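Descriptive analysis of the structure
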Amino acid sequence: LAPPSYVLPPRAPCLVPLAVSVALLVYFSAVRSSILLSSVFVVYAAFPVNVQLFIHLFSCPVFSMHVLVVRTDVVTVTPWLAPIVWEGTFDTNILDAIYKPQNITVATTVFAMGKYIQFLKDFLETAEKYYMVGYRVRYFIFTDSPEEVPVVPLGADRSLTIITAPSLNRWQDISLGRMLRLEQLIESQLANEVEYIFSLDVDTKFHGHWGAETLDSLVAAVHHSFYNYPRDQFTYERRPKSQAYIPYGQGDYYYCAAMVGGQVEQVYKLVKTCRIQLNIDKANSIEAVWQEESHFNHYLLYNKPTKVLSPEYMWIDLYKQASVLKVIRYSHVLKKNNEVRPN
Ligand SMILES: CC(=O)N[C@H]1[C@@H](OP(=O)(O)OP(=O)(O)OC[C@H]2O[C@@H](n3ccc(=O)[nH]c3=O)[C@H](O)[C@@H]2O)O[C@H](CO)[C@H](O)[C@@H]1O
Ligand SMILES: [Mn+2]
């Protein structure tokens, strides 16, 4: 694979020589009234200008083929220099050439408690089509009804393990309880067996490529409802009594806890910290406004993600496709909360 050759974006044609030529042309023909001089100058001046324009106009497409500066409509890097992943900012062939030889395993945990088991079939079927295709994936399904786990044919090098766990009476406890379960799973078996881990919501489907461009030390996805809002409108926890407290005026992005991902040691640190903070809140009789998502956002404010996924990776079917999204890769399905949640 040929590496990119240029690190600068295409330059706009420079109009200064053209402007100087026109000014001299006007000077010789109008002010000096010398047709001969002005004619000679036109021939002389036209040459470098044309050459210059020729170079600029014809080199632009050539430059564009080599650099990936094709997104000027979105921000593609955080203020701490982590990439923000959008369509058009990466080359799958180059990334696969880097990651495939590393022979990595990506653990993928999904919770399907109570009635949420109904979402699992679509989740798995679409994941098999789009998610980390060509990589070794180990799904871990936490459920209270193992007999209802659908049989979905898996690709080569992909496996599925069912972990039976009791459901809880409140959806909030199920959702936040994922932090403890993840911590225990990493401690008991994943720490030395996998390189990367993603924990994903089950009420979702994949619609497009989700591959090696999402791999990094600590990865978080921008929430579909807040990617175009100023930070003071984020639904961070605003009560100082909670461990998840983020004061107004602070914060980077509002990240969605429907995806927690990265290298296994980093994810372990994150889930363990969030679990401890959730327990402190519980002891203090306070529950953060968006449970583990509030604690997740608090953690990421002080432990910056090394890669941020754009809302292409965290959409919701409720919204029509925004123009900045060239592709929707993963999206929440519409659900009637009162019909699927236990409370
Ligand atoms: C899109 C989005 O913003 N998602 C977040 C949001 O609401 P959501 O409406 O997406 O939360 P949710 O109801 O999908 O619950 C999160 C996840 O917990 C699991 N589950 C939940 C209930 C249940 O009865 N059975 C079950 O298995 C399941 O894997 C589900 O996907 O707020 C939650 C806060 O707690 C989480 O941060 C979600 O990630
Ligand atoms: Mn969800």
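You'll find the protein chain entered in an unreviewed UniProt entry as Globoside alpha-1,3-N-acetylgalactosaminyltransferase 1 (FORS blood group), with Electrophorus electricus given as the organism. Its UniProt record gives the protein chain a comment under Subcellular location (unreviewed entry), which states: "Membrane". The heading Sequence similarities (unreviewed entry) in the UniProt record of the protein chain holds the text "Belongs to the glycosyltransferase 6 family."

1. Some words on the coordination of the manganese ion (ligand 2)
The protein atoms that coordinate the manganese ion (ligand 2) are Asp201 (OD), Asp203 (OD), Asp203 (OD) and His332 (NE2), at distances of 2.1 to 2.5 Å. Seen from the manganese ion (ligand 2), its six donor atoms lie at angles of 53 to 173°, and the figure they make is irregular. Counting residues between consecutive donors of the manganese ion (ligand 2) along the chain gives the motif D-x1-D-x128-H. Using a relative accessible area of 2% as the deciding quantity, one classes Asp203 as buried.

2. Overview of the site of ligand 1
As a structural note, the neighbourhood of ligand 1 is formed by 24 residues, with Phe111, Met113, Tyr116, His223 and Arg341 the closest of them. Contact distances for ligand 1 include 2.9 Å between an oxygen atom and a side-chain N or O atom of Gln291. Contact between ligand 1 and Lys335: an oxygen atom at 2.9 Å from a side-chain N or O atom of the residue. In isolation ligand 1 exposes 720 Å². Once the protein is present, 95% of that is buried. Breaking the shell around ligand 1 down by element, the ones donating at least two residues are strand S2 (105-112), helix H5 (171-190) and helix H7 (291-302). The biggest single contributor to the shell around ligand 1 is H5, with four residues. When its residues are assigned to classes, the shell around ligand 1 shows twelve nonpolar, five polar and seven charged.

3. Side note on the UniProt feature "binding site: Mn(2+)" (unreviewed entry) in the protein chain
On the UniProt side, "binding site: Mn(2+)" (unreviewed entry) is annotated at positions that read Asp201 and Asp203 here. One can find Asp201 in the loop between strand S5 (196-200) and strand S6 (204-206). With sequence-adjacent residues up to four places away left out, Asp201 is seen in contact with Phe123, Arg178, Ala258, Tyr330 and His332. At 2.6 Å, the side chain of Asp201 forms a polar contact with the side chain of Arg178. Here Asp203 shows up in the loop between S5 and S6. Discounting chain neighbours no more than four positions away, the residues touching Asp203 are Tyr116, Phe119, Ser331, His332, Val333 and Lys335.

4. Some points on the side chain of Gln277
Mapped onto the secondary structure, Gln277 falls in helix H6 (residues 264-283). In this view, Gln277 contacts Gln243, His295 and His298; residues no more than four positions away in its chain are not counted.

5. Describing the confidence of the model for the protein chain
Of the residues in the protein chain, 86% reach a pLDDT of 70 or more, and the chain-wide mean stands at 90. Low pLDDT (under 50) marks residues 61-67, which in the prediction has eleven contacts with non-local residues, meaning those over four places away or in another chain. Scoring the predicted complex yields pTM 0.85 and, for the interface, ipTM 0.93.

6. Section: the nonpolar core
Counting 42 residues, the largest nonpolar core has Leu120, Phe123, Tyr131, Leu200, Trp210, Leu215 and Met259 as the members making the most contacts within it. Secondary structure elements with two or more residues in this core: helix H3 (92-99), S2, helix H4 (120-130), strand S3 (136-143), S5 and strand S7 (218-221). Among residues more than four places away in sequence, those in contact with Phe123 are Val110, Tyr139, Leu200, Asp201, Val202, Thr204, Phe206 and Tyr330. By size, the runner-up hydrophobic cluster in this structure holds 41 residues, among which are Phe142, Met179, Ile197 and Leu325.

7. With respect to the sheet that holds S2
Read across the open sheet, the eight strands follow the order S1-S9-S7-S8-S5-S2-S3-S4; overall the sheet is mixed. The sheet is open, and its two edges are formed by strand S1 (84-85) and strand S4 (158-164), each paired on a single side. In this structure, S3 lies alongside S4, joined through seven bridges in parallel fashion. Across the sheet, residue Val137 finds its bridge partner in S4, namely Arg158. In the packing of H5 onto the sheet, the strands contacted are S2, S3, S4 and S5, and the crossing angle to S3 comes to about 130°. Relative to strand S8 (residues 259-263), H6 is tilted by about 135°, and along the sheet it contacts S5, S7 and S8.

8. Considering unusual backbone geometry
Leave glycine aside and you will find that most residues have negative phi; peptide bonds, for their part, are mostly trans. The residue Leu81 is not glycine, and still its phi comes out positive at about 65°. Summarising the element assignment, Leu81 is placed in the loop between helix H2 (35-66) and S1. On the accessibility criterion, Leu81 (70% relative accessible area) is exposed. You will see that Ser285, though not glycine, has its phi angle at about 55°, which is positive. Relative to the assigned elements, Ser285 resides in the loop between H6 and H7. For Ser285, a relative accessible area of 64% gives the class exposed.

9. A few points about the pattern of salt bridges
Counting across every chain of the model gives 19 salt bridges. With its nearest N and O atoms 3.9 Å apart, the salt bridge here joins Lys100 to Asp96. Across the pair Arg329 and Glu312 runs a salt bridge, and its minimum N-O distance is 2.9 Å. Of this pair, Arg329 sits in the loop between strand S10 (315-316) and strand S11 (330-332) while Glu312 sits in the loop between strand S9 (307-309) and S10; the two residues are 17 residues apart in sequence, bridging distant segments of the chain. Residues Arg329 and Glu312 agree in their burial class; the two are buried. Several salt bridges share partner residues, and in doing so they unite Arg71, Asp73 and Lys326 into one network.

The rules we used
- Residues numbered from 1 in each chain as written.
- Chains lettered and ligands numbered in written order.
- Predicted model: local features only at pLDDT ≥ 70, side-chain atom pairs only at ≥ 80, totals over all residues.
- Heavy atoms only, no water.
- UniProt positions renumbered as here; feature names shortened; annotations may be inferred.
- Donors = N, O, S within 2.8 Å, 3.2 Å for Na, K, Ca; no water.
- Tetrahedral: all angles 85-135°; square planar, octahedral: opposite > 155°, others 65-115°.
- Buried < 20%, exposed > 50% of the residue type's maximum accessible area, 1.4 Å probe, protein only.
- Near = heavy atom within 4 Å.
- Polar contact = N/O pair within 3.5 Å; in protein donor to acceptor, adjacent residues only side chain to side chain.
- Areas by Shrake-Rupley, 256 points an atom, 1.4 Å probe, with all protein chains shown as cover.
- Helix = DSSP H or I, 4+ residues; strand = E, 2+ residues; numbered from the N terminus.
- Nonpolar A, V, L, I, M, F, W, Y, C, P; charged D, E, K, R; others polar.
- Contact = heavy atoms within 4.5 Å.
- pLDDT = per-residue confidence, 0-100.
- Core = buried A, V, L, I, M, F, W, Y, C linked by side-chain atoms within 4.5 Å.
- Pairing = 2+ DSSP bridges.
- Axes fitted to C-alpha atoms, helices over the stretch in contact; angles between N-to-C directions.
- Salt bridge = Lys/Arg side-chain N within 4 Å of Asp/Glu carboxyl O.

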